[in-house]
Amino acid sequence: MTHDSEALYLIDGSGFIFRAYFAMAYSRKSGMTNPDGLEVGAVYGFTNMVLKMLREDHIPHMAVIFDAARANFRNDIYPEYKANRDETPDDLKPQFPLVKEVTRAMDLPAIELEGYEADDLIATYARLATEAGWKVVIVSSDKDLMQLVNNNVRMFDPMKKKFIGKDEVVEKFGVLPDKVIDVQSLAGDATDNIPGVPGIGVKTAAELINEYGSLDELLERAEEIKQPKRREKLVEHAEDARISRQLVTLANDVPVPVPLEDLNAHAPDKPELIAFLKKHGFNSILSRLGHVDALDDVEDVVALDGDSTQDFPAIKDNEYVLINTEDELQKWIDEAYQAGEIAIDTETTSLTPAKADLVGISLAITPGRAAYIPLGHVQEVDLLGEAKDNIPQLPKARVIEMLKPLLEDAGVLKIAQNMKYDWQLFAKEGIHVTPCDDTMLLSYVLDGSAHSHGMDNLSKLHLDHEPIKYESVAGKGKSQVTFDRVSIEAALPYAAEDADVTLRLHKILKPRLAREHMATVYEDIERPLIPVIARMELEGIKVDPQKLHSLSGEFGKKLLELEKQIHALAGHEFNIASPKQVASVLFDELGLTGGKKTKSGDWSTSASVLEKLAAEGHEIVERILEYRGLAKLKSTYSDALQEQINPKTGRVHTSFGLVHTSTGRLASSDPNLQNIPIRTEDGRKIREAFIPKEGCTLLSVDYSQVELRLAAAMAGIEALKQAFRDGTDIHALTASQVFDVPLDQVTSELRRQAKAVNFGIIYGISGFGLAKQLGVSTGEASDFIKRYLARFPELQSFMEAAKEEAREHGFVKTLYGRKCVIAGIHEKNGAMRNFAERQAINAPLQGTAADIMKIAMGRMQRALDEAKLSAKMLLQVHDELVFEVPLEELEATSALVRKVMEEAANLNGISVGVPLTAEAGSGDNWAQAH
């Protein structure tokens, strides 16, 4: 942060304390307490952040401004003002006096004024300071203060560490700061219960103010508005807009309790401050101020960026120990029971659980203390057969025996980073870990796809610490060894640190669930899936290697035939796998038009380019696309799957990625079983290779039209909702509505067109894209879309609201509250921005469908167990679940699975509002079952 010599920093104290409260990480049982047992987490966070500014930025003038009380002059104007605000948390209320006390102990003015809000005092001081020739920095991210920004007044967001000037205000509100009040008057604010004009959001408000110049001018000319609903709302709610203007306008002429010239900042080492810090046990802050003995010198990581932890030691000041006696292991087990939680991590010989052998286990119970239990390290021995490093290892069987009761105890929370993997390793040893938390999943639920969720990245992001690299202990490239070949001395700090970092991350991330209203997504959707997915992966699915071998031969012959056809059409042989040679044939030799060049100047042969050419009827392009698809099918599946069959189980064990999509969908890899094409004959042949074990059949159950049903429900399209309730043919009904023909006269062609629009519209399909699907002109397709949206205007409103939500927050939410991050929504490049807008429209639907599927999966095993059915869930592919079912249980299992899936949409009082339908099929292979 930089400042001017005569600059006044006005800290929004009330806003700051809430930010500090929510930035502090709490333990699972209670908040951070002082020696007297009083909770002081917010006080600590506030003190740390303000002192950081004073010490590092050498600010000349500063004051901390507080709200005196909730009621103020705005309540006289509008009694309902802020009436819907949540009560201050009980553990925060007693911390307000302490925050004011520490502010005074830092020799800073702590200012409040009865009858006014902190924002009014800030506005007044900002005016007085600029009139005195000072620059002003308002330390806050509160959007209500953005109306004060001008050439002499900036804001500073302490969490994001960035200044807010005119450009940032325009980005937020779409207008310059002097018009922010007008925009807020129209848009209102649900948080503060400011009415505004119903149906007008920030974006629309900005457009209106930019067009008409001011709120008064807009209201005076409201009858000129062309859109009927908008015009009616503005006329009907004009007085609400004027009242809202009174509420959002900050008073800049209130009496100031402390003169401007007395707002001075001082060095943060006053005796009163030191006494306060000692009284409340803020040792880490005392350490940085030089008032703690070296042995007690600790460093917290509560930072201005809001990724805060409890007052515990820095990672560099750790105590990592080996456990190689039963007595020492028992001490750690006893301590875990007492703490009620333990972080665990496993070291193994492979990243694939089905192939991995357990090498060691690390534990952490309190930050800074962790232990490593070596179990399977191959140690060098001397001529007498004794280990050269003389470090004993406990027998794995004995360690497992001792840990099993703890790891299965319902009263002790087990924490891991990517718990699915560790759960599988322990399951192979006969331990079923429960209950468990996963820091990787916590991060994913909280931040979506905004960043990656690997431990190294989370550690750097939240702890400002770069963990020991695997390569530094196991080597790189060809010289890299498996972990059982790593020396125990090298393994200790690496493995123990993993558990320590995991525990610290948990203490930061878990408290955010409640604060950010994400507990439902994590507790009811994601966390129950950990053992479910872990079991699926371990179970795997049986594959017939002979069938795959036969298909590889068949595909190989077909590729040779296609190659001959393509060469004949080209007039000579060339390498079809070479994009450069394909481009030369198509565009240079055959002179096909409609191609486009890459940045390097070469012709593009991307799928989109070739598909466009194929649609124009160029046979050689059709054959090249067919060749490419078949070659990929052969290399990715019929060839590769033969190598991926586990020789011990005869099965393929795919890995389901829990944190790899922006919408919450599961991802499949090693091998990816979600991308096997189902609509092509060759794709279905691959599925024929997936078979059940003897005495069983494969059962496939998938949701019917789930995203279309969700679109009808979430957009509130009553006609479609009723159609789904009545079991009407939705595509025929849509055709009837859009093309204005009686339902019984809808032709198959009209139904086909309506179906394409139904499914295309929820993916934000363009006129061009729809034209390509239907084989009509772009104009005709665009007309279909216009008629559709005119008939179902609720969908248009839903789509616009989704795009606006993405622009404002950077994400959209599913019905259950999952955040789906939308990258590129503010891109200047039109194509990229349009893509992001299409994502914003579809993500709430696809994400809600993914949530529903996960809820069903989380409930499935319990339902099967209660019904005493022995079916195994093997795969999840988009809207489909695949089970291996004993033949005699097929009928009962099919009925139960469908019931669980169809009822999954109801969660914690949230209901979709339209019936979901699950359809079942079974057979001797996956293709038959689907």
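Let us look at the overall build of the protein chain. Each helix and strand in the protein chain was counted, giving 38 helices and 23 strands. Its C-alpha radius of gyration of 32 Å places the protein chain within 12% of the 30 Å reference for a compact globule of 930 residues. When the backbone C-alpha atoms are referred to their principal axes, the protein chain occupies close to 95 × 90 × 60 Å. The buried share of the protein chain, taken over its 930 residues, is 52%.

What follows concerns helix 17 (residues 439-447). Across the nine residues of helix 17, nine count as buried, placing the element largely inside the fold. By the burial criterion, the buried members of helix 17 are Thr439, Met440, Leu441, Leu442, Ser443, Tyr444, Val445, Leu446 and Asp447. With a side-chain oxygen lying 2.8 Å from the backbone nitrogen of methionine 440, the N-terminal cap of helix 17 falls on aspartate 438. Note on helix 17: the residue one or two positions beyond its end, glycine 448, has a positive phi of about 55 degrees.

Quick look at the pairing of strand 1 (residues 7-12) now. A large share of strand 1 lies buried, amounting to six of its six residues. The two faces of strand 1 match: Ala7, Tyr9 and Ile11 on one face and Leu8, Leu10 and Asp12 on the other face are all buried. Sheet analysis places strand 1 next to strand 4 (residues 135-139), joined by five bridges and oriented parallel. Considered in strand 4, the bridge of leucine 8 is made with valine 136. Pairing between strand 1 and strand 2 (residues 61-65): five bridges, direction parallel. Within the sheet, the bridge partner assigned to tyrosine 9 lies in strand 2 and is methionine 62.

What follows is about the sheet that holds strand 6 (residues 162-164). On the basis of which strands lie adjacent, the open sheet formed by six strands has the order 3-2-1-4-5-6 and mixed pairing. The open sheet is flanked by strand 3 (110-111) and strand 6, the only strands paired with a single partner. By the bridge criterion, two bridges tie strand 2 to strand 3 in an arrangement that is parallel. Each bridged residue has a counterpart across the sheet, and for valine 64 the counterpart in strand 3 is alanine 110.

Okay, the packing of helix 29 (residues 706-714) against helix 36 (residues 830-866) next. Contact geometry for helix 29 and helix 36: axes closest at 9 Å, N-to-C directions at 115 degrees. When you trace helix 29 past helix 36, the crossing you get is right-handed. Contacts between helix 29 and helix 36 involve Val706, Glu707, Leu710, Ala711 and Met714 from the former and Asn842, Pro844, Leu845, Gln846, Thr848, Ala849 and Ile852 from the latter. Here the contact of helix 29 with helix 36 is composed, by residue class, of eight nonpolar, three polar and one charged.

We now examine the pattern of salt bridges. Applying the stated criterion across every chain, the model contains 51 salt bridges. One salt bridge in this structure joins glutamate 537 and lysine 420, with 2.6 Å as the shortest N-O distance. Highlighted residues: glutamate 537 in helix 23 (residues 529-539) and lysine 420 in helix 16 (residues 419-428), separated in sequence by 117 residues. For lysine 899, the salt bridge goes to glutamate 903, with nearest N and O atoms at 3.3 Å. Separated by four residues within a single helix, lysine 899 and glutamate 903 lie in helix 37 (residues 890-903), roughly one turn from each other. Through salt bridges with shared partners, a single ionic network connects Asp437, Lys510, Glu523 and Arg527.

Proteins that are soluble and globular tend to have nonpolar side chains buried together. Formed by 192 residues in total, the largest nonpolar core has its most connected members in Leu329, Met857 and Met901. Discounting chain neighbours no more than four positions away, the residues touching methionine 857 are Leu529, Val532, Ile533, Met536, Leu666, Met873, Gln876 and Leu881.

Take the side chain of histidine 280 next. As for its placement among the helices and strands, histidine 280 is situated in the loop between helix 12 (271-279) and helix 13 (283-288). Setting aside chain neighbours within four positions, we find histidine 280 in contact with Asn34, Pro35, Val40 and Leu98.

So, about the packing of helix 32 (residues 748-761) against helix 33 (residues 767-774). The geometry of helix 32 relative to helix 33 is characterised by a closest axis approach of 10 Å and an angle of 140 degrees between their N-to-C directions. Of the two elements, helix 32 crosses helix 33, and the hand of that crossing is right-handed. Between helix 32 and helix 33, the residues in contact are Arg752, Gln753, Ala756 and Val757 and Leu770, Gln773 and Leu774, respectively. Looking at the contact of helix 32 with helix 33 residue by residue, the classes come out as four nonpolar, two polar and one charged.

Moving on: the packing of aromatic side chains. Per the counting criterion, the structure on display carries 11 aromatic pairs. Aromatic pair phenylalanine 276 and phenylalanine 282: ring centres 6.5 Å apart, planes at 65 degrees, arrangement edge-to-face. Phenylalanine 282 carries the same exposure label as phenylalanine 276, and that label is buried. With a centroid separation of 5.3 Å and an interplanar angle of 80 degrees, the aromatic rings of phenylalanine 690 and tryptophan 926 are classed as edge-to-face. One end of the pair, phenylalanine 690, is in the loop between helix 28 (681-687) and strand 18 (696-703); the other, tryptophan 926, is in helix 38 (residues 926-929), with 236 residues separating them in the sequence.

What follows covers the side chain of glutamine 147. Considering the arrangement of structural elements, one finds glutamine 147 in the loop between strand 4 and strand 5 (153-157). For glutamine 147, the side chain forms a polar contact with the main-chain oxygen of aspartate 144, separated by 3.2 Å. In terms of polar contacts, glutamine 147 uses its side chain to reach the backbone carbonyl oxygen of valine 248, at 2.9 Å. Beyond its immediate chain neighbours, meaning those up to four positions away, glutamine 147 contacts Pro177, Val180, Ile181, Gln184, Val248, Thr249 and Leu250.

The peptide bond linking threonine 434 to proline 435 adopts the cis configuration, its omega dihedral lying at -15 degrees. In this chain, aspartate 670 is followed by proline 671 through a cis amide linkage whose omega measures -5 degrees. If you check the backbone angles, asparagine 418 has positive phi at about 65 degrees while not being a glycine. Within the secondary structure, asparagine 418 sits in the loop between strand 11 (413-416) and helix 16. Even without a glycine there, the phi angle at histidine 517 is positive, about 55 degrees. Note on placement: histidine 517 falls in the loop between helix 21 (512-515) and helix 22 (519-526).

Spatially, three strands are ordered 13-15-14 in an open sheet, and the strand pairing comes out antiparallel. Looking along the sheet, the strands with just one partner apiece sit at the ends: strand 13 (541-542) and strand 14 (645-646). Relative to strand 15 (residues 651-652), strand 14 runs antiparallel, the two sharing two bridges. Paired with isoleucine 645 across the strands is valine 652, a residue of strand 15.

What follows concerns the confidence of the model for the protein chain. Per-residue pLDDT for the protein chain averages 87, and the proportion of residues at 70 or more is 92%. Mean pLDDT values for the elements of the protein chain range from 73 in helix 13 up to 97 in strand 22 (residues 880-886). Of the regions scoring below 50 in pLDDT, residues 25-30 engages in 22 contacts with residues more than four places distant in sequence or in other chains. Counted against residues more than four places away or in other chains, residues 292-311, with its pLDDT under 50, gives 69 contacts.

A few words now on the pairing of strand 4. Among the five residues of strand 4, four are classified as buried, and the element is accordingly described as predominantly covered. With four bridges connecting them, strand 4 and strand 5 associate as parallel partners. Paired with isoleucine 138 across the two strands is methionine 155, which belongs to strand 5.

The next thing to look at is the environment of tyrosine 788. Considering the arrangement of structural elements, one finds tyrosine 788 in helix 34 (residues 778-791). Spatially, the C-alpha atom of tyrosine 788 lies 47 Å from that of arginine 154, the residues being 634 residues apart in sequence. Aside from chain neighbours lying at most four places away, what touches tyrosine 788 is Leu720, Thr734, Val738, Val757, Asn758, Ile761 and Leu795.

Moving on: the environment of lysine 685. Among the secondary structure elements, lysine 685 is positioned in helix 28. Note: C-alpha distance between lysine 685 and leucine 551 (134 residues apart in sequence) is 7.7 Å. Look past the residues within four positions of lysine 685 in its chain and what remains in contact with it is Lys547, Leu551 and Glu554. Of the polar contacts made by the side chain of lysine 685, one reaches the side chain of glutamate 554; its length is 2.4 Å.

As for its placement among the helices and strands, methionine 901 is situated in helix 37. A relative accessible area of 0% places methionine 901 in the buried class. Put simply, methionine 901 and tyrosine 703 are 198 residues apart on the chain and 7.9 Å apart in space, counted from C-alpha to C-alpha. Apart from the residues lying within four places of it in its own chain, the contact partners of methionine 901 are Val701, Asp702, Tyr703, Met853, Ala856, Met860, Asp879, Leu881 and Ala918.

How each quantity is defined
Residues numbered from 1 in each chain as written. Predicted model: local features only at pLDDT ≥ 70, side-chain atom pairs only at ≥ 80, totals over all residues. Heavy atoms only, no water. Helix = DSSP H or I, 4+ residues; strand = E, 2+ residues; numbered from the N terminus. Rg over C-alpha atoms; globule rule 2.2 N^0.38 Å. Buried < 20%, exposed > 50% of the residue type's maximum accessible area, 1.4 Å probe, protein only. Polar contact = N/O pair within 3.5 Å; in protein donor to acceptor, adjacent residues only side chain to side chain. Pairing = 2+ DSSP bridges. Axes fitted to C-alpha atoms, helices over the stretch in contact; angles between N-to-C directions. Left-handed = near helix turned anticlockwise from the far one by under 90°. Contact = heavy atoms within 4.5 Å. Nonpolar A, V, L, I, M, F, W, Y, C, P; charged D, E, K, R; others polar. Salt bridge = Lys/Arg side-chain N within 4 Å of Asp/Glu carboxyl O. Core = buried A, V, L, I, M, F, W, Y, C linked by side-chain atoms within 4.5 Å. Phe/Tyr/Trp six-rings, centres within 6.5 Å; stacked < 30°, edge-to-face > 60°. pLDDT = per-residue confidence, 0-100.

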